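Here is how the chains run, residue by residue.
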Amino acid sequence: MQVTHPSKLTFPVPVPPDPGSLTDIAPGIRWLRLPLPYRLDHVNIYLIENAGGWTAVDCGLGDDACKRAWQAALDGPLKGQGLKSLIVSHFHPDHVGLAGWLCERFDLQLSMPRPEYLHTLLLQFAPADYGEGVFRPFYQRHGLSAEATEVVLNHGHEYLRRTSGVPASYHRLKHGDTLAVGGRDFRVLTGGGHALEQAMLYRPEERLFLAADQVIARISPNVSVHPMEPDLDALGIYLASLRAVRASVAPDVLVLPGHGLPFHGLHERIEELIRHHAQRCGEIALACRDAPLSVAEIVPYLFTRALDAHQTGFAFGEVLAHVNHMLGRGELRLETDAGGVDRYRTV
């Protein structure tokens, strides 16, 4: 994720709630913020009023800090009300990590898009099969040194294990569904690129848009390619999703994102994100103009600050997403060297 600087957005609530406390962000919708142990140090949870209790949208990382924040909210502002159901937008552990814990504890039904649910099961039950043996040749094919590869594998992937799993059954969310929560109907939208089929909720009557991680105010969501689909045009999918959201959701909605502050200015932010990725592609084209570069060699051109193991994995996947997009558009040419490392030259 890269920090950007939007200029035309407005933020109706400029101060987020402390962990374990709640902010009323719209009628019948409360905002809970949970801590994360990363540079991106929080995730937003939204609670929608539902028949004497609340439906949670996302649930936080599967660690003790998020459990303590949930417990503080349940013992404090939510005391006597409780949770009625759980909606999870996508499979990333900061959004699905406590699904198993909450669903078992409160006997909740989980609602989630099918690809996101199935990928969570993959990470839950087959982490070894989707681990080092898959990622090591993937990283090294794209120029990451053996030493750096081991650091990313041993430390950068640790967050994937911070989950309490998911229940054995769930309710499937699909694009175009109408989801009833309490007395409200929400339109389900889905989009890829950041995740597989991330769910967003739109309530046009109240100008409310729960955007998950697809549109965030001050950072660009990570858009990555992984070894399961190494040739995927994840960036193209993400850009198409942004354009679909712009066409489907009114410009004056209150955006409730998975990170950062709620904001007004959805269409302006979508344009900024599209321009941001076009600029990234331009930077790659410039870097690869004089000599072919591997993905690992391109990373420092786009991410100039020092990266830890966690951030290196994200940066690597994001660069490859841009490279695949540019390959598909004929802007780069693949050249594989004698050692089997893929490098890219500007056409």
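Predicted, not measured: the structure shown is a model, and the values here were computed from it. For every chain, the first residue of its written sequence is number 1, and the numbers climb from 1 along that sequence. Only residues with pLDDT of at least 70 get local features here, since the model is predicted, and only at 80 or more are side-chain atom pairs given and counted; chain-wide, interface and lining totals rely on the full set of residues. Side-chain numbers here rest on the full set of heavy atoms in the structure, without hydrogens or water.

A. Quick peek at the packing of helix H9 (residues 295-302) against helix H10 (residues 309-328). Helix axes are fitted only over the stretch in contact, all axes being lines through C-alpha atoms; the angle between N-to-C directions runs from 0 to 180 degrees. By definition, any uninterrupted DSSP run of H or I lasting at least four residues is a helix, any uninterrupted run of E lasting at least two residues is a strand, and each is numbered from the N terminus. Between H9 and H10, whose axes approach to 9 Å, the crossing angle comes to 100 degrees. Between H9 and H10, the angle is such that the two are roughly perpendicular. Counting all contacts with H9, which are made through Val295, Ala296, Ile298, Val299 and Leu302, the residues of H10 involved are Ala315, Phe316, Val319, Leu320 and Val323. Classification convention: Asp, Glu, Lys, Arg as charged; Ala, Val, Leu, Ile, Met, Phe, Trp, Tyr, Cys, Pro as nonpolar; all other residues, Gly among them, as polar. A per-class count over the contact of H9 with H10 returns 10 nonpolar, no polar and no charged. Any angle that is under 35 degrees is reported as roughly parallel, and any over 145 degrees as roughly antiparallel; angles of 65 to 115 degrees are reported as roughly perpendicular and all others as oblique. Every residue pair with non-hydrogen atoms within 4.5 Å of one another is taken to be in contact.

B. A look at the side chain of Ser220. Structurally, Ser220 is set in strand E13 (residues 219-220). The class for Ser220 is buried, based on a relative accessible area of 0%. Each polar contact in these results corresponds to two N or O atoms within 3.5 Å; when the atoms are within protein, one needs to be able to donate a hydrogen and the other to accept it, and residues that are neighboring in sequence are counted only if both atoms are side-chain atoms. Of note is the side chain of Ser220, whose polar atom sits 3.4 Å from the side chain of His277. Burial classification: accessible surface area is computed with a 1.4 Å probe over protein chains only, and a residue below 20% of its type maximum counts as buried, one above 50% as exposed, and the rest as partly exposed.

C. Region of the structure containing the sheet that holds strand E15 (residues 263-264). Read across the open sheet, the 6 strands follow the order E9-E10-E11-E12-E14-E15; overall the sheet is mixed. The sheet is open, and its two borders are formed by strand E9 (178-181) and E15, each paired with just one other strand. As paired strands, E9 and strand E10 (residues 184-191) are joined by 4 bridges and run antiparallel to one another. Along E10, the bridge assignment pairs Leu179 with Phe186. At least two DSSP bridges between two strands are required for those strands to pair.

D. Examining the packing of aromatic side chains more closely. Aromatic rings from Phe, Tyr and Trp, taking only the six-membered ring of Trp, are treated as a pair when their centres fall within 6.5 Å; an angle between ring planes under 30 degrees marks them as stacked, one over 60 as edge-to-face, and anything in between as tilted. According to the stated counting rule, one finds 8 aromatic pairs in the structure shown. Seen from their ring centres, Phe11 and Phe263 are 6.5 Å apart, and the 55 degrees between their planes marks the pair as tilted. Placement of Phe11 in the loop between strand E1 (2-3) and strand E2 (22-26) and of Phe263 in strand E15 is noted, with a sequence separation of 252 residues between them. Phe11 sits in the partly exposed class, given a relative accessible area of 21%. With a centroid separation of 5.8 Å and 45 degrees between ring planes, the pair formed by Phe138 and Tyr139 is classed as tilted. As far as the burial class goes, Phe138 and Tyr139 line up, both buried. Put simply, the rings of Phe135, Phe138, Tyr139 and Phe316 touch in pairs and so form one group of aromatic residues. Charge-over-ring placement is defined geometrically: NZ (Lys) or CZ (Arg) within 6 Å of the ring centre, and within 35 degrees of the ring normal. If you follow Arg280 out to its NZ or CZ, it ends over the ring of Phe303, 5.4 Å from the centre.

E. Structural detail: the sheet that holds strand E8 (residues 171-173). Reading across the sheet, the 7 strands line up as E2-E3-E4-E5-E6-E7-E8 and stay open at both edges, with mixed pairing between neighbours. One side of each edge strand has no neighbouring strand; the edge strands of this open sheet are E2 and E8. Mean inter-strand twist for the sheet, computed between neighbouring axes without regard to direction, equals 30 degrees. Note: strand E4 (residues 42-50) against strand E5 (residues 53-57), 5 bridges, orientation antiparallel. Directly across from Tyr46, in E5, lies its bridge partner Val57. Where helix H1 (residues 64-75) meets the sheet, it contacts strand E3 (29-35), E4, E5 and strand E6 (83-87), and its direction lies at approximately 145 degrees from that of E3.

Function-wise, these values are silent; they only describe arrangement.
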